[in-house]
Amino acid sequence: MELSVRYGVSVGLARLAAGGSGNDGVTGTGEAGVAPGAGERVRGVGPLPLDTALRLFGERGAAARAGFRVAEDPGAAAEVCRRLDGLPLALELAAARLRTLSPRQLADRLDDRFRLLGDGARTSRTLRPRQQTLRAVVDWSWELLDARERAVLRRLAVFSGGFALAQAEAVCADPADPAEHPADVLGLLASLVDKSLVVAAPDGCAMRYRLLETVAEYAAERLAESGERTAAELRHLVAYRELARTGEAVLRGPRQADGMRRFETEHGNVRTALGRAVEHGREQDALCLTLSMSWFWQLRGHQSDARAWSLAVAALGPDPFAEPVRPAVPLPARCTDAPPPWSEEQVWEARRGVRMMLFAGGGEGEGAEFASPVAQPYLRRVVAAYGSAMPQNCRQPGSVWYFARMLTQEFAGFPQAVDEMVEDCRALGEPWDLAFALLLRSKLVGGPDADEALTLFERLGDPWAIAETLSARGEDHSRQGRYEQAAADFERAMESTTWTGAYAQGPMFKARLATVRLALARTAEESGRAERLLLDAVEESRHYAGEGVGTARMLLAHHYAATGRVGLAREQLRLMEAEFTQAVPEMFRGLVAGVDGWLDCLDGAYAEGLGRVREAVRRLAAQAYLVAPNLIISQFLVAAWAKAHLGAAEEGARLLGAYDRHARGQHGGFGLRPLPSEPAVRRRAEAELRAVLDDTAYRRAHAQGHGLAVEAAASLV
């Protein structure tokens, strides 16, 4: 709120804020709409820069309480200045409270600023009565508005953080009043900007508006008094439902970066709208918003939003997978292609979609712990709801159906699940759906699918998907030892992240590029540059939630251990564990335990190493047998190495035999690498076993292990 002197700021404060002295032409006598007198010039006193606001707060605070200095609690003082929007009068009134409150106490009480800065904060005999309290000065500004300006200002209180013109027009014009029209809002908004009650600032090619915190609190009180709050909140809900619904498709095309910026900018308003949809029981609006936001949440790593809102919105209606299960019908179009109200079948499909979002995100509720036996009846009902593939199963989140089929043993594992998904997408899906299924199969199973996926995504112009597909192809090149091709793909993937808006991708691609360059390095200088690149990736990844920081740290730990710096490798694992959240899958914790076991073997601590590998298998068992068996199979190598030194060499040889049988054709599921080079660790394990077993004993035990199933071999660990 830019309170000019015409709105009651004293001449001295105005001079200080303007950085002038003497007769600088700042008026302290005019009223709104009244021309300045002789020798006067109108100068707006807006929100002060933080350093200026702190100086003013410090000077007024010292006048109120001898010896006060901002340095006694600079954090609290800065919070006061920010929360009061740098407004000179508000800061003077707050400083007066320093007679009885510390800066921290003052900051903590600003949620009720009008009471806090009320009568007890009067400070200056030079201030007019309308300047003696914060409420009085805002009341005075309010009284100068006409009825239409007041209506717009109070309705703006429903926004969170800021708003664009289109949403202001949708919210601030009451469609029930024929005298109000959205086209009139611009002129009224401009008037409020001129009166310093709304702040406008450029935002790309358009202007963005906001209320300062003090004005927003006051406007919210006036909105509640008017009896319009519920109606305005529901118009806000519909406005942001439509922003998300119509903007979601942009996130899969060439304007993706613009769409990401817009969704991020409006994320606070979307969360507010979702909260109101839940509060008012508006199930269809809540379903529409949640499904429309799901891809953005995935791209930007907002997993906590996806879980929390899926859970809250699912509770608004019946569980679509509860007995008796209602059968789905084919729906070629997305539910969100049209706004609510929806048909009955669309509502039920939207409910299924939100439940599958919750399932995929590992949220709470029935079916969330998908690998547990308790979840099996629920998963079977998910499978039964569709019966056979339908168009909605080719799209997210409906594609979760294929993995429910896998988890109920209908498929033998990921390869069969994604094979069927790809074939159904060819028959029933859109080009983006097919490309995504191919990308998924490339990541989880391997093979040449990345080339076809890349062609499709380049045709569609989706930069995020192009980068992910290049990375998947680079991983495949790297596994096959084609390091030059891998480096080229990772470099292209990194370039594309500079304009996708999905910033968390960059550090992961950089880390993988660094490991490839380490493999290509022929001189100490080249190795040093590649290692510095890997360190940069770790540092950058710390700024983003999700898998990036774990991937980069794991690759750095691998590199340190492979170059004899086991202590530094352990440090990276401990840092990784410290960064774990409750949402980190148990499978990833098992992966870390397995790497710890490998490090123990490198240090000669074989008993400790075997204990770590056993922990890894235990943690991995719940999920990895179905979704990433290679993670368990890789543990056989380190266990075999350790057993060679623990009097159990024949068991170790059997484990090596099981590894040799089951590792063939295994792909690094999810891009997770338990060991930096499995062939190197396998050679080391065999050498250690042959050192204590004669050739006949080794071959016999190896052949026995070759006949074991993965679960049976894991029991030997």
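Residues numbered from 1 in each chain as written. Predicted model: local features only at pLDDT ≥ 70, side-chain atom pairs only at ≥ 80, totals over all residues. Heavy atoms only, no water.

Peer 1: Break down empty space enclosed by the protein for me, with residues and values.
Peer 2: On inspection of all chains with the given rule, the structure shows six cavities of 30 Å³ or more. Considering only enclosed or pocket space, the largest cavity measures out at about 260 Å³ in volume. Around the largest cavity, the lining is made up of 18 residues, and of these Leu 291, Arg 334, Arg 395, Gln 396 and Pro 397 lie nearest the centre. Mapped onto the lining of the largest cavity, the elements with two or more residues apiece are helix 15 (283–300) and helix 17 (344–360). For the lining of the largest cavity, the per-class residue count stands at six nonpolar, seven polar and five charged. (1 Å grid on protein atoms, 1.4 Å probe; cavity = no way out; pocket = protein on both sides within 12 Å on 5 of 7 lines; lining within 4 Å. Points joined across faces, edges and corners; volume = space filled by probe spheres on them. Helix = DSSP H or I, 4+ residues; strand = E, 2+ residues; numbered from the N terminus. Nonpolar A, V, L, I, M, F, W, Y, C, P; charged D, E, K, R; others polar.)

Peer 1: Can you lay out the sheet that holds strand 2 (residues 199–203) for me, pointing to particular residues and giving the numbers?
Peer 2: Strand order in the open sheet formed by three strands is 1-3-2, with antiparallel pairing between adjacent strands. The open sheet terminates on both sides in strands that have one partner only, identified here as strand 1 (163–164) and strand 2. Inspection of the sheet shows strand 1 paired to strand 3 (residues 206–210) by two bridges, in the antiparallel sense. Considered in strand 3, the bridge of Phe 163 is made with Tyr 209. (Pairing = 2+ DSSP bridges.)

Peer 1: Can you lay out the packing of helix 14 (residues 267–279) against helix 15 for me, pointing to particular residues and giving the numbers?
Peer 2: Taken N-terminus to C-terminus, the directions of helix 14 and helix 15 make an angle of 150°; their axes are 10 Å apart at the nearest point. With respect to the hand of their crossing, helix 14 and helix 15 are arranged in left-handed fashion. The residues of helix 15 that touch helix 14, namely those facing His 267, Val 270, Ala 273, Leu 274 and Ala 277, are Ala 286, Leu 289, Thr 290, Met 293, Phe 296 and Trp 297. Grouping the amino acids of the contact of helix 14 with helix 15 by side-chain chemistry returns nine nonpolar, two polar and no charged. (Axes fitted to C-alpha atoms, helices over the stretch in contact; angles between N-to-C directions. Left-handed = near helix turned anticlockwise from the far one by under 90°. Contact = heavy atoms within 4.5 Å.)

Peer 1: So what's going on with the side chain of Lys 643? Which residues, and what values?
Peer 2: Note on placement: Lys 643 falls in helix 31 (residues 629–643). A polar atom in the side chain of Lys 643 sits 2.7 Å from the side chain of Glu 651. The residues touching Lys 643, leaving out its near neighbours within four places in the chain, are Leu 610, Arg 614, Ala 648, Ala 649, Glu 651, Gly 652, Leu 655, Leu 716 and Val 717. (Polar contact = N/O pair within 3.5 Å; in protein donor to acceptor, adjacent residues only side chain to side chain.)

Peer 1: I'd like a description of the pattern of salt bridges, backed by residues and values.
Peer 2: Enumeration over the complete set of coordinates arrives at 66 salt bridges. The partner of Arg 441 in a salt bridge is Asp 419, and the shortest N-O contact between them spans 2.8 Å. Separated by 22 residues along the polypeptide, Arg 441 in helix 21 (residues 431–444) and Asp 419 in helix 20 (residues 414–428) bring together distant segments of the chain. Looking at Arg 441, the relative accessible area reads 13%, which means it is buried. Between Glu 686 and Arg 682 there is a salt bridge, with the nearest N and O atoms lying 2.5 Å from each other. (Salt bridge = Lys/Arg side-chain N within 4 Å of Asp/Glu carboxyl O. Buried < 20%, exposed > 50% of the residue type's maximum accessible area, 1.4 Å probe, protein only.)

Peer 1: Which residues make up the nonpolar core, and what are the values?
Peer 2: Leu 153, Leu 156, Phe 457, Trp 598 and Phe 636 are the most contacted members of the largest nonpolar core, which totals 185 residues. Ignoring anything within four residues of it in the chain, the contact list for Phe 636 reads Leu 655, Ala 658, Tyr 659, Val 710, Ala 713, Ala 714 and Val 717. Core analysis: the next-biggest nonpolar cluster, separate from the first, contains 22 residues, Leu 48, Leu 87, Leu 91 and Leu 110 among them. (Core = buried A, V, L, I, M, F, W, Y, C linked by side-chain atoms within 4.5 Å.)

Peer 1: Now, about the confidence of the model for the chain: what can you tell me, with residues and values included?
Peer 2: Mean pLDDT for the chain: 86, with 86% of residues reaching 70 or above. Every residue in residues 120–132 is under pLDDT 50, and counting partners more than four places away or in other chains gives 34 contacts. (pLDDT = per-residue confidence, 0-100.)

Peer 1: Which residues make up the packing of aromatic side chains, and what values do they have?
Peer 2: Under the defined criterion, the tally for this structure stands at 15 aromatic pairs. Ring centres 6.2 Å apart and planes at 80° place the aromatic pair Phe 159 and Tyr 240 in the edge-to-face group. Of the two residues, Phe 159 sits in the loop between helix 8 (147–155) and strand 1 while Tyr 240 sits in helix 12 (residues 229–247), which places them 81 residues apart along the sequence. The burial state of Phe 159 is the same as that of Tyr 240; both residues are buried. Measuring from ring centre to ring centre gives 5.1 Å for Trp 401 and Tyr 402, while their planes differ by 65°; the resulting arrangement is edge-to-face. No difference in accessibility class separates Trp 401 from Tyr 402, as the two residues are buried. Cluster of aromatic residues (ring-pair linked, three or more members): Trp 295, Trp 432, Phe 436, Phe 457 and Trp 464. (Phe/Tyr/Trp six-rings, centres within 6.5 Å; stacked < 30°, edge-to-face > 60°.)

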